[in-house]
Amino acid sequence: MKALVYVSLKKSVLDPQGKTIQNALNKMGYKGLDSVRQGKYFELTLDGGLSRQEAEAQVEKMAREVLTNPVIEEFRYSFES
Amino acid sequence: MKFGVLIFPGSNCDHDAYWTIQQIAKQPVTFLWHESHDLENCDAIIVPGGFAYGDYLRTGAIARFSPVMESVKRFADAGGLVLGICNGFQILCESGLLPGALMRNIGLKYVCKPVHVRVENADTPFTSACREHDVLNIPIGHMEGNYFCDDRTLAELRQDHRIVFRYSTLEGEITAEANPNGSLDNIAGICSAGRNVLGMMPHPERASEPQLGGTDGLKIFASIVASFAASRETILSR
């Protein structure tokens, strides 16, 4: 089982990198772009021995304690078998 | 007074800090390796600048879990003096010893230059040799120095006088132009509620000798030494 974890800056935190990318895309002529937010993506391959519930608890703990800095970042995740 | 300078894989200001303490501040100093829990009875810990563990994931994110940081946390909780400089400040924030986080500079560029910081609180063990609103000239060199915290934390920091340094003009004015990295409220350094942990982005060890262009940074080390001596006298006179 694979956990796919997406980390992004909180909405309340400015993202100058996303803004720069958005400006570049606008300059290239792409229309209808409201905003760009940059983030990080992790693939965690889990031991098959974990139940779904155990896996969820573990992924959430790892994301909270290590993969994100809760002061500035938030995360969401999904599973892929 | 014995100082300990931490070394992580990727630290690169460790020798500068060691030199300044030994040669300029004239105090005993030892290096402390990241894999050891032993702080060797040091009276103050320096978390130096650099790129600890390559700054992989986030600046300071991996260093936080090192054995030596577990000991530094206990040491700080017991009132021990801890000074985090640049990457050291980032590590202290990630460790939860100081609130907030240091984000990518607003201009997205590495900034390396001398800056002015105004002393906002001279009543800490790290600034006792300064006067309030003194302006110090100390260099910065960082990519992630953009201090951020939520509104409630900022209000607390202000109320408890825990903002120790703010980027300013030479005359001590706090302006947007004087802010090199987009830091909230021009914050360049903050301390813990107990005043015994300080994190700062500027590098005092790079401004402690006339040959390096200035000695304002030495005031930080002189403050630590004087404060420690004063605290010892208080204990002895009891």
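1. Quick word on the interface of chain B and chain A
For step 1, the next point in the chain: Taken together, the contact pairs twelve residues of chain B with 16 residues of chain A.
For step 2, the next point in the chain: Summed over both partners, the interface of chain B with chain A comes to about 1,200 Å²; 68% of that surface belongs to carbon and sulfur atoms.
For step 3, the next point in the chain: Our count for the contact surface shared by chain B and chain A stands at one salt bridge.
For step 4, the next point in the chain: Put simply, Glu73(A) and Arg58(B) hold a salt bridge, and the shortest N to O gap is 3.8 Å.
For step 5, the next point in the chain: In this structure, the connection of chain B to chain A is made through seven residue pairs in polar contact (both at pLDDT 80 or more).
For step 6, the next point in the chain: Grouping the amino acids of the side of chain B that touches chain A by side-chain chemistry returns seven nonpolar, one polar and four charged.

2. Points about the state of the cysteines
For step 1, the next point in the chain: This structure, assessed with the given rule, holds zero disulfides over all chains.
For step 2, the next point in the chain: Considering cysteine sulfurs only, Cys149(B) is the nearest to Cys93(B), which forms no disulfide, with 9.3 Å between them.

3. Details of the sheet that holds strand β2 (residues 39-45) of chain A
All names here are of chain A.
For step 1, the next point in the chain: Within the open sheet, the three strands sit side by side as β2-β1-β3. Their pairing is antiparallel. Looking at strand neighbours, the two that pair on one side only are β2 and β3 (73-80), the edges of this open sheet. For this sheet the average axis-to-axis angle between neighbouring strands, irrespective of direction, equals 20 degrees.
For step 2, the next point in the chain: Judged from the eight bridges that link them, strand β1 (residues 2-9) and β3 form a sheet pairing that is antiparallel. Counterpart to Lys2 in the pairing with β3 is Glu80.
For step 3, the next point in the chain: In this fold helix α2 (residues 52-67) packs onto β1, β2 and β3, with an angle of close to 150 degrees to the strand it touches most, β3.

4. Some details on unusual backbone geometry
All names here are of chain B.
For step 1, the next point in the chain: Positive phi values are uncommon outside glycine, yet Cys86 reaches one of about 60 degrees.
For step 2, the next point in the chain: Tracing the backbone shows Cys86 in the loop between β4 (81-85) and α3 (87-95).
For step 3, the next point in the chain: Located in the positive-phi region is Asn186, a residue other than glycine, with phi close to 60 degrees.
For step 4, the next point in the chain: On the secondary structure map, Asn186 appears in the loop between β9 (163-168) and β10 (187-191).

5. So, the environment of Phe51(B)
Residue and element names in this part refer to chain B.
For step 1, the next point in the chain: Structurally, Phe51 can be placed in the loop between β3 (44-47) and α2 (67-77).
For step 2, the next point in the chain: Taking the C-alpha atoms as reference, Phe51 lies 16 Å from Ala101; in sequence the two are 50 residues apart.
For step 3, the next point in the chain: Those residues within four positions of Phe51 in sequence are excluded, and the remaining contacts are Pro9, Gly10, Ser11, Asn12 and Asn87.

6. Considerations on the packing of aromatic side chains
A ring pair, where both rings are aromatic, is described by two values, the distance of the centres and the angle of the planes.
For step 1, the next point in the chain: For the structure on display, the rule yields five aromatic pairs over all chains.
For step 2, the next point in the chain: Between Phe8(B) and Tyr53(B), the aromatic rings sit 6.0 Å apart at their centres with planes inclined by 50 degrees, giving tilted as the arrangement. Of the two residues, Phe8(B) is situated in the loop between β1 (3-7) and α1 (14-24) and Tyr53(B) in the loop between β3 and α2; the sequence distance between them amounts to 45 residues.
For step 3, the next point in the chain: Between Tyr18(B) and Phe31(B), the aromatic rings sit 4.3 Å apart at their centres with planes inclined by 20 degrees, giving stacked as the arrangement. In this pair, Tyr18(B) is assigned in helix α1 and Phe31(B) in strand β2 (residues 29-33), connecting sequence segments 13 residues apart.
For step 4, the next point in the chain: Residue class for Phe31(B) comes out partly exposed when judged on its relative accessible area of 24%.
For step 5, the next point in the chain: Directly above the ring of Tyr6(A) sits Arg76(A), whose terminal nitrogen or CZ lies 4.6 Å from the centroid.

Cut-offs and rules
Residues numbered from 1 in each chain as written. Chains lettered and ligands numbered in written order. Predicted model: local features only at pLDDT ≥ 70, side-chain atom pairs only at ≥ 80, totals over all residues. Heavy atoms only, no water. Contact = heavy atoms within 4.5 Å. Buried area = accessible area lost by both parts, 1.4 Å probe. Salt bridge = Lys/Arg side-chain N within 4 Å of Asp/Glu carboxyl O. Polar contact = N/O pair within 3.5 Å; in protein donor to acceptor, adjacent residues only side chain to side chain. Nonpolar A, V, L, I, M, F, W, Y, C, P; charged D, E, K, R; others polar. Disulfide = S-S within 2.5 Å. Pairing = 2+ DSSP bridges. Helix = DSSP H or I, 4+ residues; strand = E, 2+ residues; numbered from the N terminus. Axes fitted to C-alpha atoms, helices over the stretch in contact; angles between N-to-C directions. Phe/Tyr/Trp six-rings, centres within 6.5 Å; stacked < 30°, edge-to-face > 60°. Buried < 20%, exposed > 50% of the residue type's maximum accessible area, 1.4 Å probe, protein only. Lys NZ or Arg CZ within 6 Å of the ring centre and 35° of its normal.

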